[in-house]
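Here are the chains, one letter per residue:
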Amino acid sequence: MFKYISSEVAHFKQQPHNFRILVLTNLVYALVLPVIDIFVAAYVMRNSNDPTKVVIYQLTIYTGIPLTFLLNGFLLKYINIRKLYSAGMMLSAVSMIVMMSLKSLDLVGIGIAGMIMGLSFGFYWANRDYLALAITNDSNRNYYYGLETFFYTLIAVAIPITIGWFIESRGSGEGVKNAYRIVTGVVFLITILASVVCFRSTFSNPAQKKYVYFNFHPLWKKLLVLASLKGLAQGFLVTAPAMLIMLLLGKEGALGTAQSIGAVLAAIIMYVLGRVTKPSDRIRIFAAGLILFTAGAAFNSALFNQTGVVLFILLLLIAKPLMDLAYFPIQFRVIDIVSKIEKRSEFAYILNHEAGLYVGRFLGAATFLILAYKVSTEIALRYAILIIAILQLGSILVAKVIIKEGNRIAPQDSAELPPVETETIEKVIQPQA
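Nothing here was measured: the structure is a model prediction, and the numbers come from that model. (Residues numbered from 1 in each chain as written. Predicted model: local features only at pLDDT ≥ 70, side-chain atom pairs only at ≥ 80, totals over all residues. Heavy atoms only, no water.)

A. Inspection of the packing of helix α14 (residues 346-374) against helix α15 (residues 377-392) at higher detail. Where α14 contacts α15, the axes come no closer than 8 Å and their chain directions differ by 150°. The two elements α14 and α15 meet at a crossing, and its hand is right-handed. Together, G364, T367, F368, L371 and A372 of α14 and T377, A380, L381, A384, I387 and I388 of α15 make up the contact between the two elements. When grouped by side-chain class, the residues that make up the contact of α14 with α15 number eight nonpolar, three polar and no charged. (Axes fitted to C-alpha atoms, helices over the stretch in contact; angles between N-to-C directions. Helix = DSSP H or I, 4+ residues; strand = E, 2+ residues; numbered from the N terminus. Left-handed = near helix turned anticlockwise from the far one by under 90°. Contact = heavy atoms within 4.5 Å. Nonpolar A, V, L, I, M, F, W, Y, C, P; charged D, E, K, R; others polar.)

B. Representation of the nonpolar core in the model. Among the nonpolar cores identified, the biggest contains 138 residues, and W220, L226, F293 and F368 are the most heavily contacted of them. Broken down by element, the residue count for this core peaks at 20 residues, all from helix α13 (residues 306-342). (Core = buried A, V, L, I, M, F, W, Y, C linked by side-chain atoms within 4.5 Å. Buried < 20%, exposed > 50% of the residue type's maximum accessible area, 1.4 Å probe, protein only.)

C. How the structure looks around the packing of helix α4 (residues 51-75) against helix α6 (residues 107-135). With their axes 6 Å apart at the nearest point, α4 and α6 run at an angle of 40° to one another. Considered as vectors, α4 and α6 are oriented oblique to each other. Considering how the two elements wind past one another, α4 and α6 form a crossing that is right-handed. Of the residues contributing to the contact of α4 with α6, the split by class is 17 nonpolar, nine polar and one charged. (Parallel < 35°, antiparallel > 145°, perpendicular 65-115°, else oblique.)

D. Representation of the confidence of the model for the protein chain within the structure. Residues of the protein chain with pLDDT of at least 70 account for 88%, and the chain-wide mean is 83. Mean pLDDT in the protein chain bottoms out at helix α17 (residues 419-429), which sits at 33, and peaks at helix α16 (residues 394-409), which reaches 94. Within the model, the stretch residues 412-433 combines pLDDT values under 50 with 28 contacts to residues more than four positions away or in other chains. (pLDDT = per-residue confidence, 0-100.)

E. Main features of the packing of aromatic side chains. Inspection of every chain in the model, using the stated rule, returns 17 aromatic pairs. On the numbers, 5.2 Å between centres and 80° between planes, the contact of Y124 with W125 is edge-to-face. A residue is classified by how much of its surface remains accessible, and Y124, at 0% relative accessible area, is buried. Residue classification places W125 among the partly exposed positions, given a relative accessible area of 26%. Here the aromatic cluster, defined as three or more aromatic residues joined through ring pairs, consists of F19, Y143, Y144, Y145, F286, Y327, F328 and F332. Lying over the aromatic face of F328, K230 brings its terminal NZ or CZ to 5.2 Å of the ring centre. The ring of Y213 has R344 lying over it, and the distance from NZ or CZ to the ring centre is 3.9 Å. (Phe/Tyr/Trp six-rings, centres within 6.5 Å; stacked < 30°, edge-to-face > 60°. Lys NZ or Arg CZ within 6 Å of the ring centre and 35° of its normal.)

F. Quick look at the environment of V54. Mapped onto the fold, V54 is located in helix α4. The spatial distance from the C-alpha of V54 to the C-alpha of A41 is 5.9 Å, given a sequence separation of 13 residues.

G. The pattern of salt bridges, seen in detail. Enumeration according to the criterion identifies nine salt bridges in this entry. Here E148 and R128 are joined by a salt bridge, their closest N and O atoms 2.5 Å apart. A residue pair is termed long-range when its members are at least 10 positions apart, and E148 in helix α7 (residues 141-169) and R128 in helix α6 qualify at 20 residues. With respect to burial, E148 and R128 carry one shared label: buried. (Salt bridge = Lys/Arg side-chain N within 4 Å of Asp/Glu carboxyl O.)

In structure tokens, the structure reads:
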């Protein structure tokens, strides 16, 4: 075991400097992601007892993200990417501070906190996605995302259960609010540390080209369909565990414990898959994640009790990283191909991809809100997740088409298209009159 660990450490050290710094930056920031994803939603649920407010909060976040992607593209002309990346991480703590300072959780206050968190996620993910694309290639992206997911999942063991029981140990009323304030302060300190690590890199801004386009290569349009299907479930993947646990159990400690159970197994699975799988395995990994998510949603819908929630969360712990492990390399592979065919900046596709995600996120949130307001919040929590999961199974067919077409117009063993091959592809796709 010691020799194996030593060999894995040596393999990591062989990666480029910026590769290692990006992983370490995201590793530090991963310490606060469970707080942002889980316990902010739990805070809204505890203080409002209204699942629709949690979804509205999530929807305001998702509205702020694409707008910030657009702003980020403009600011990259004048500000170093490391500063924007760091600002995104630190704004997450600012959003939590705003949320904790609200005297009552009305829709205006929730909306303001959500938009600030949307700014945070927008700056963070826009720059993180570009950097991950810039410092990796198709041959090592499985390893990159497997490594990240391994650390994220291990962190998901300790952080949720620690914070959950810390909050619950403070009793109730003002004690719980003070516990949330302490957690927010720790989050702020960790975001500062993540920013310090980020500045040890030599990250450079993307080449300054036009970022906004409305017409794209057919392969990219198919990827946008896949992005919209992915977006359908994103809100539920983040907030559903908090809403279900707080509704059926009402305790942050139980929420933290449920999030931590099975995370070690998931971490090992993700790391091994990242190290040993090939690009050709992505569709099988993707399908496995989607099927597990649907199975978890089915358990929740059929039982809708504590057992159903635990089964849903356990399966979700494995399903979500499986889907991400396959999805991001597929997305970046398509960007590698079409950016060279259309001679556009990679960031243009990252920006446009966020628009595709938003369409799905909006439709997913709208599905929940319509069921909640027209029928009941219980029906929405019970069946909206299952409806979305079933619709998402269509992603398997879309992903197969994307991979097949990508392999047809680009070399399978390289993420780079040599200029001579780019010209050939362009002549095939756009024949001269």
